[in-house]
Amino acid sequence: MEEADEGLMSNHFGISSLEREGLTVPDLKGVACGLRVDDLGRAASAMAASGWFRGKVKAVPSGDTLVIMGSGNPETIPPEKSITLSSIIAPRLARRFGTDEPFAWESREFLRKLCIGQDVTFRVDYMLPATGREFGTVYLGDQNIACLVVANGFANVKQQGQKANDNPYVAELVRLEDTAKQHGLGRWTKEPNDPIRNLPTSSIGEADAKDFVAKNKGKALEAIVEQVRDGSTLCVYLIPSFDFVHVHVAGVQAPSMGRQPFIPSRVAQTEDGGDDDVNRKAFAETQASMTAVQKLVASPAICSEIPPDPFGREAKHFTETRVLNREVRIVLEGTSFNNIFGSVYYSDGNTAKDLALELVENGFAKYMEWGANMLGPETKTKLKNADLEAKKKQLRIWTGFKPPATNTRPIQNQKFTGKVIEVVNGYCIIVADDAAPYGRASAERRVNLSSIRPPKVADPSGENKTLEHFARVAKEFLRTRLIGKEVNVSMEYSRRINIADGQVVAHKINSADTRVLDYGSVFLPSQVEGVGSNSSSSSGNQLGVNVAELLLSRGFADVTRHRDYEERSHHYDALLAAYSRAEKARKGYHSKKDHPVTHMNDLTTAPAKKARDFLHLLQQNRRHSAVVDYIFSGHRFKLTIPKENSIIAFSFSGVRCPGKNEPYSDDAISLMRKRILQRDVEIEIEAVDKTGTFLGSLWESKTNMASVLLEAGLAKLSSFGLSRTPDAQTLLRVEQSAKHKKLKVWENYNEAEVIPQRSMTGQKEKETLKVIVTEVLDGGKFYVQIVGDRRLASIQEQLASLKFNDAPFNPAKGDMVLAQFSLDNSWNRAMIVSECQGAAEPEFIVFYIDYGNQEAVPYSHLRPADQFTSLVPPLAKLCSLAFITVPSLKDDLGEQAAGYLSRLLLDNEKEFKAIVEERGTAGAKLEGQGTGEVFIVTLVDEDVESSINAAMLERGFAQIERKRWDSWERRAAVKNLEEFQEHARKKHRGVWRLRDVSETAEEEKALGVDDDEDPLAPAQAPPPSKGFDLIKFIAFKSSEDPEAPGSP
C-alpha cells in the first residue's frame, strides 16, 4: 500500500533528487540531470523510492507548516501535502479572537514571505498515526527551510525523542538555535516590545457590515488572505488592524463548493488532541462569527451532504493559487444582505490583476449584473465583455453552452467613406457612398448609430416616454455638424424590428411584418472644423471622433442596454464611459430640468388661406434664414424658418422640374438632396399660390439653386413668376446654355427649329415675324402662331395617327395632356389649369398651349400626353402691343377695346407682320397658363399698311405708355403714334370721351361703330377658329378670382 502511495505521489510531484548516503541536495540534482532519456523510467522509480519530491508552496498556515502542491496538468487539481518541518516548533497562532503566542505572527510571516509560491524539494520523514500529521524536510533551492527559520529565531528545536536519530540535521539545528539566542534574533530578542498581535474580539459580521463598508467604501485596504471558501469568497485579515472579514468578490459568482455533512464534534484539534472544553469553546466562537446564511448551512437540522457544483473545486483552486496567504488590495464596493462585496487585486510580478476579471476570463465564474452594479462602468463593462467571450469559447463552466437566438446579425468587413446628405433623426443618418455611382439608389446608405437610443424617462404611470426635446436637439446637433461633411462609416450589425411600432422583435415573428435595420459607427475626421480636442473620442480611434460618443457625452442620447449575446458597437466600452461622464456632469437630459415645449406653426398642413394671411408677415423682411427639411420635387421643398417658428411649403418662382415619373425627375431630386437638404439657406418670398405654397428664390452659400437646376438641364423656365425673380436674367442665360449643350431635358432640343430668343433692344435691325392671331385676351394682348413653323404640322400629324386607349389616369394641375377641342373634335396639346365638377363627370379647365385659348373639357375627352408631344415647346406666342396701354377687361371700355381688337385680328386667319420691339416676361401671370416670353410688338396689317397699335390709339381704346424711352428709334416711333392719340382726344373718343358726344356720333356711325351697340355682337363675330370663343373667355374671366392661377 505504501509503495502504491509513493507511486501516486511520484506521478504528481516532480522528483527532484535521490537522497543517497553521502550526497547533498545539489549533488543529487546533478545526478538527476545526468540521466539519459532511455533511463528515465528506471530513474523515476529509483527517485520515488528515495522519498524526495518537488512541488510548489500553496499556503503557509503557521511558522513551521507548509502546504505543498504537485505540478501536473493545469486543467486538473494537483495533490497537496501539509508538511510540518521536522524537529522544530514555531509559536502557535491564536484561534480566531484568541491570543497568539509571542512572535507567532512574525514567525508565520517570515516563512510565508520566504516560501509562498516558490518551488521546493521535500520529503516526508514521519507521520503521527493518531492525527495523520506529516513531518518532513523541505529545501528551498539548496537551503534547508527549517534551518533558516531556526537561524532567524522564529522556532525552537524540539527536545529529541526516539525520532532524533532519524533526522541528520538535528545537530545543525541546535547549533543554529544557540547562535540565534546569542545574537537576540526573533523570539530571543532582548529589546522590550510587544511580540503579540492585538486581535479584535470579533470579526466584521452582520451587525456592523454596513457601517464598516460605509466608512471604508472606495478605499484600498491592504489585507492577507487567510482562507478561500470558494472561487469568489475570501476570508482575510486587514493589515494592520487584523480585522477578520469575509469578502465576496463583487460582480461575479464562482460555482458553489457544496456542503459537507454536519458533525457537531468536528472541530479543530491541536497536535496533542486538546480537550473537549477547548473544542466546544472554539466551535461556539466559530458559530458566533457566522452570517445568517452560514448559520443556516451549518445548522444541525441540515446535515445532508451537497456535492460541489461542476468546476467548483477547480475555481477554488484557481483562486487559492493566486491569493491564498498572499498580500492583496481590497476595495470595498457595497453590501447585500449584510454580506460585504469588494474588488480584489493581487500582484502578478509587476502587474496588478483583478481577481474577478481573471475568474470570468478563465471560465471559473459568471458575471452577476446585480453585483456588478456596485462597480464603476468601465470595470463593469470589462467583466460583461469577458463573460460573453468566455461563453463564446465555452470555457469550463460554459462547456456545452449554446447562446440563445437573437434578432441581431453581425456585419463583416463593411467600411466606406461618404458625405452625409440627411439626418433622419438624432440616431440615424443617410450617407452618400463615395464608391457608388452618383444618382443610383445604392449611393445613399441609411446608417443607424450603433448601441445608442433616444433618452427616455418614466412618467408617473410607470411608462417610459421619449424626451422629445432632446430627440429634436440631438437631430439639430447632428445636422449642424454632419450635413455635407465627409465621414468614415464602419457597419457592425443588423437588427430586425417591427414595422408597425419600431420595437425590436423576436426571431420567430413573421418576417413580412418586420424590416431589418443596419447599424454602424460613424466617425467624423478630427480635422473637420468644429471638432476640437475637447470633443475627441476617448476611444482614440484613428478613424476620427465617434459621433455616437459625441451624443452621449452631451447627454442627448442613452446607451442601448443590449441583452447577452446581442451584437453591439465595437466601441461599446467608450460609449459607456461617455454616458457615465455625462451622467456625472449632469449634462443634457441627466440634468432632470424641465424644458419648454416648442410649438411650430406648420403651414404645410394648414388651409391655403392661412398661408395667404401669413404672407405679409414673411414679406416684412426681405430675406429669411431657413432650413430645408424635405425635398418634394426638384423645385418644391419643405422649409423651416426658425425665427418665425414656422414650417412652409416653398417652390422656385418661374422654374419647373420634370414631374413625378417623368424623365430626369429623380435626377433633379437627387441633385437637390445632395446640395441643399437640411442645409442652412436664405429665401426671398414673392407670392403664395392657391395651394398655400410660397413662391420665391432660394440661395445656399450665395448660390441661386434654381440656376443650378437650369445649368444641369434638369429644369425649365416658366413665364409665371419669372418677372418677380431678382436673378431673372441670370436664369435665362444658364437655361440658354443648357439648351445649346442639349443637357437632360433639352436632349431633343433643335436650335434650328426654335425662334431666336434674344432681346432686340438697341438693335438696328428689328426681328420681324409673319404671324396669325389665334386668340385675343384683351385690348392689348393676344396669342399668335408663327407662319411657316413646321412643328405645328408635325404635331398635328402625330396626334392624328395616335390610337388612344381608355386607361384611367389622374390629371392634376400643371400636367401636360391631350384634349379634344369642342368645335371640331380635334385632339390638341393642353395644360390642366384647374378642376371643376360637371353635370355628368368631372371637368377640367385646360389651356391649349399651341393656340392660347381655354375651355372646360370633360374627363372623358382627356388623354395623357406621350413623351414626343411633351418635349416640343408651346407654339402659341404671347404678344403685347408696344408703346401703348389698354384698359383691362374689368376697367371701363375694357370689353369694348377687346371686342374692337378681336374684330381687327380674328378675321379669316389673316396674316400680320409683327415687329418685335423687345422681349419680356411681365404680364404673363394674368393670362393663365402662359407659354414663355412675351413678344412686345408693333402689329402691322400689310393690306392697308397701318399698324394695329395706331388703330387702337385712334379709336380711343388706348393711350401712349408714359415712360422714358432709352433710344432715339423708340422715341421716334412714339412720336409717330402721338398724332393718332391726339386725333382721338380731339374727337373725344373712348377714354377721351366727354359727356357731350353728339358731335362724334355721326362719324362713329360712318365707321360702323355705335357706342350703344355691343361690339361683341354675334353678327359681327368672325367664323370659329382654333381661338377660344371671346364671349366665353370674358364670362370665364369675370367669374375667376382676381388673381391668376398659381404656378403649375
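So, how was this worked out
- Residues numbered from 1 in each chain as written.
- Predicted model: local features only at pLDDT ≥ 70, side-chain atom pairs only at ≥ 80, totals over all residues.
- Heavy atoms only, no water.
- Helix = DSSP H or I, 4+ residues; strand = E, 2+ residues; numbered from the N terminus.
- Buried < 20%, exposed > 50% of the residue type's maximum accessible area, 1.4 Å probe, protein only.
- Contact = heavy atoms within 4.5 Å.
- Areas by Shrake-Rupley, 256 points an atom, 1.4 Å probe, with all protein chains shown as cover.
- Phe/Tyr/Trp six-rings, centres within 6.5 Å; stacked < 30°, edge-to-face > 60°.
- Lys NZ or Arg CZ within 6 Å of the ring centre and 35° of its normal.
- Salt bridge = Lys/Arg side-chain N within 4 Å of Asp/Glu carboxyl O.
- Pairing = 2+ DSSP bridges.
- Axes fitted to C-alpha atoms, helices over the stretch in contact; angles between N-to-C directions.
- Polar contact = N/O pair within 3.5 Å; in protein donor to acceptor, adjacent residues only side chain to side chain.
- Expected span 1.5 Å × (residues − 1).
- pLDDT = per-residue confidence, 0-100.
- Parallel < 35°, antiparallel > 145°, perpendicular 65-115°, else oblique.
- Left-handed = near helix turned anticlockwise from the far one by under 90°.

S.K.: Break down the overall build of the chain for me, citing the residues and quoting the values.
M.R.: Across its full length, the chain carries 27 helices and 48 strands. For the chain, the residues scored as buried account for 48% of the 1048 residues in total. Of the contacts made within the chain by residues no fewer than 6 positions apart, 67% connect residues no fewer than 24 positions apart. Here the chain displays about 53,400 Å² of accessible surface, and carbon together with sulfur accounts for 49% of that area.

S.K.: Help me get a handle on unusual backbone geometry, residues and values and all.
M.R.: Phi is mostly negative for residues that are not glycine, and the peptide bonds are mostly trans. With an omega of 10°, the peptide bond running from I239 to P240 counts as cis. Non-glycine residue F311 carries a positive phi angle of around 65°. Here F311 lies in the loop between α9 (292-298) and α10 (312-323). By relative accessible area, which is 30% here, F311 ends up partly exposed. With phi around 45°, R396 is a residue other than glycine that occupies positive phi space. Here R396 shows up in the loop between α13 (377-393) and β17 (408-425). Residue class for R396 comes out buried when judged on its relative accessible area of 19%.

S.K.: I'd love a proper account of the packing of aromatic side chains, names of residues and values included.
M.R.: Inspection of the entire model under this criterion finds 25 aromatic pairs. Arranged with centres 5.2 Å apart and planes meeting at 65°, the rings of Y630 and F632 form a pair that is edge-to-face. Note on F650 and F652: the rings are 6.5 Å apart at their centroids and 80° apart in plane angle, and the pair reads as edge-to-face. Comparing F650 with F652 shows no difference in burial state: the two are buried. Taken together, the ring pairs in this structure connect W105, Y237, F242 and F244 into an aromatic cluster. Over the aromatic face of F632 sits the side chain of R636, whose NZ or CZ is 5.1 Å from the ring centroid. One residue, K716, lies across the ring of W746, its end atom 4.7 Å from the ring centre.

S.K.: Kindly report on the pattern of salt bridges, identifying the contributing residues and their values.
M.R.: A full pass over the atoms with the stated rule returns 39 salt bridges. Here E684 and R623 are joined by a salt bridge, their closest N and O atoms 3.1 Å apart. Residue E684 is located in strand β32 (residues 680-688), and its partner R623 is located in the loop between α17 (608-618) and β28 (624-631); the two are separated by 61 residues in the primary sequence. A relative accessible area of 9% places E684 in the buried class. Look at the salt bridges and you will find they share partners, linking R108, E109, R112, E226 and E327 into a network.

S.K.: Give a description of the sheet that holds strand β39 (residues 827-837) that names residues and reports values.
M.R.: Read across the sheet, 5 strands follow the order β41-β40-β39-β38-β42 without closing on themselves; strand pairing throughout is antiparallel. The sheet is open, and its two borders are formed by β41 (854-858) and β42 (862-864), each paired with just one other strand. For this sheet, the mean inter-axis angle between neighbouring strands, taken without regard to orientation, is 50°. Here 5 bridges tie strand β38 (residues 816-820) to β39, and the two strands are oriented antiparallel to one another. Its bridge partner being in β39, L818 is matched across the sheet by R829.

S.K.: Can you tell me about the pairing of strand β30 (residues 646-652), naming the residues and giving the values?
M.R.: Summarising burial for β30: 7 of the 7 residues are buried, a large majority. The alternating pattern of β30 places S646, I648, F650 and F652 on one face and I647, A649 and S651 on the opposite face, and all of these are buried. Summarising the sheet, strand β27 (residues 601-602) and β30 pair through 2 bridges and their orientation is parallel. Bridged to D602 within β30 is I647. Bridge count between strand β29 (residues 636-641) and β30: 6 bridges; the pairing is antiparallel. Bridging from a neighbouring strand, R636 pairs with S651 of β30. Hairpin remark: β29 followed by β30, antiparallel, with 4 residues in the connecting loop; positive phi at N645, about 50°. Across 3 bridges, β30 lies against strand β33 (residues 694-700) in parallel orientation. Looking at β33, one finds that F650 is bridged to F694.

S.K.: Residue-level account of the side chain of Q820, with values.
M.R.: One can find Q820 in strand β38. According to the relative accessible area criterion, Q820 is buried, its value standing at 17%. A polar side-chain atom of Q820 sits 3.2 Å from the main-chain carbonyl oxygen of N825. Not counting residues up to four positions away in its chain, the partners in contact with Q820 are N825, S826, W827, Y848, E855, V857 and H861.

S.K.: Give a detailed account of the environment of T408, specifying residues and quantitative values.
M.R.: Looking at where T408 falls in the secondary structure, it is placed in strand β17. With near-sequence residues (within four places) excluded, T408 lies in contact with Y493, S494, R495, E566 and E567.

S.K.: Can you explain helix α6 (residues 170-183)? Please cite residues and give values.
M.R.: Between its terminal C-alpha atoms α6 stretches 20 Å, which fits the 20 Å expected from 14 residues at 1.5 Å a residue. Once α6 finishes, G184 follows within two positions and takes phi at roughly 65°, a positive value.

S.K.: With reference to specific residues and values, describe the confidence of the model for the chain.
M.R.: Of the residues in the chain, 77% reach a pLDDT of 70 or more, and the chain-wide mean stands at 80. Confidence over residues 1-8 falls short of pLDDT 50; this stretch has 3 contacts with residues more than four positions distant or in other chains. For residues 923-930, every residue scores under 50 in pLDDT, and the model assigns this stretch 31 contacts once sequence neighbours within four places are set aside.

S.K.: Could you give me a rundown of helix α18 (residues 665-676), with the residues and numbers involved?
M.R.: Between its terminal C-alpha atoms α18 stretches 17 Å, which fits the 16 Å expected from 12 residues at 1.5 Å a residue. Every buried residue of α18 is accounted for by S665, A668, I669, S670, L671, M672, R673 and I676. Just beyond α18, the residue with positive phi is Q678, at close to 60°.

S.K.: Give a description of the environment of G555 that names residues and reports values.
M.R.: With respect to the helices and strands, the residue G555 is situated in the loop between α15 (547-553) and β26 (558-559). Owing to a relative accessible area of 0%, G555 belongs among the buried residues under this scheme. Measuring from C-alpha to C-alpha, the distance between G555 and F470 comes to 8.5 Å, with 85 residues separating the pair along the chain. The contacts of G555, once residues within four sequence positions are left out, are F470, A582, K587, G588, Y589 and H590.

S.K.: Lay out the packing of α13 against helix α16 (residues 572-585) in plain terms, naming residues and giving numbers.
M.R.: At a minimum axis distance of 9 Å, the contact between α13 and α16 shows a crossing angle of 155°. On the basis of their axis angle, the class for α13 and α16 is roughly antiparallel. Along this stretch, α13 crosses α16, giving a crossing that reads as right-handed. Residues P377, E378, T381 and N385 of α13 form the contact with α16, whose participating residues are D573, L576, A577 and S580.

S.K.: Describe the pairing of strand β43 (residues 877-881), and please don't skip the residues or the numbers.
M.R.: Each regular strand carries side chains that alternate between the two faces of the sheet. With 5 of 5 residues buried, β43 is to be regarded as a mostly interior element. Neither face of β43 is exposed, since K877, C879 and L881 on one face and L878 and S880 on the opposite face are all buried.

S.K.: Quick rundown of the environment of L482? Include the residues and the values.
M.R.: Tracing the backbone through its elements, the reader meets L482 in helix α14 (residues 468-482). Apart from residues no more than four positions distant in its own chain, L482 is found in contact with V420, I429, V487, L524 and V547.

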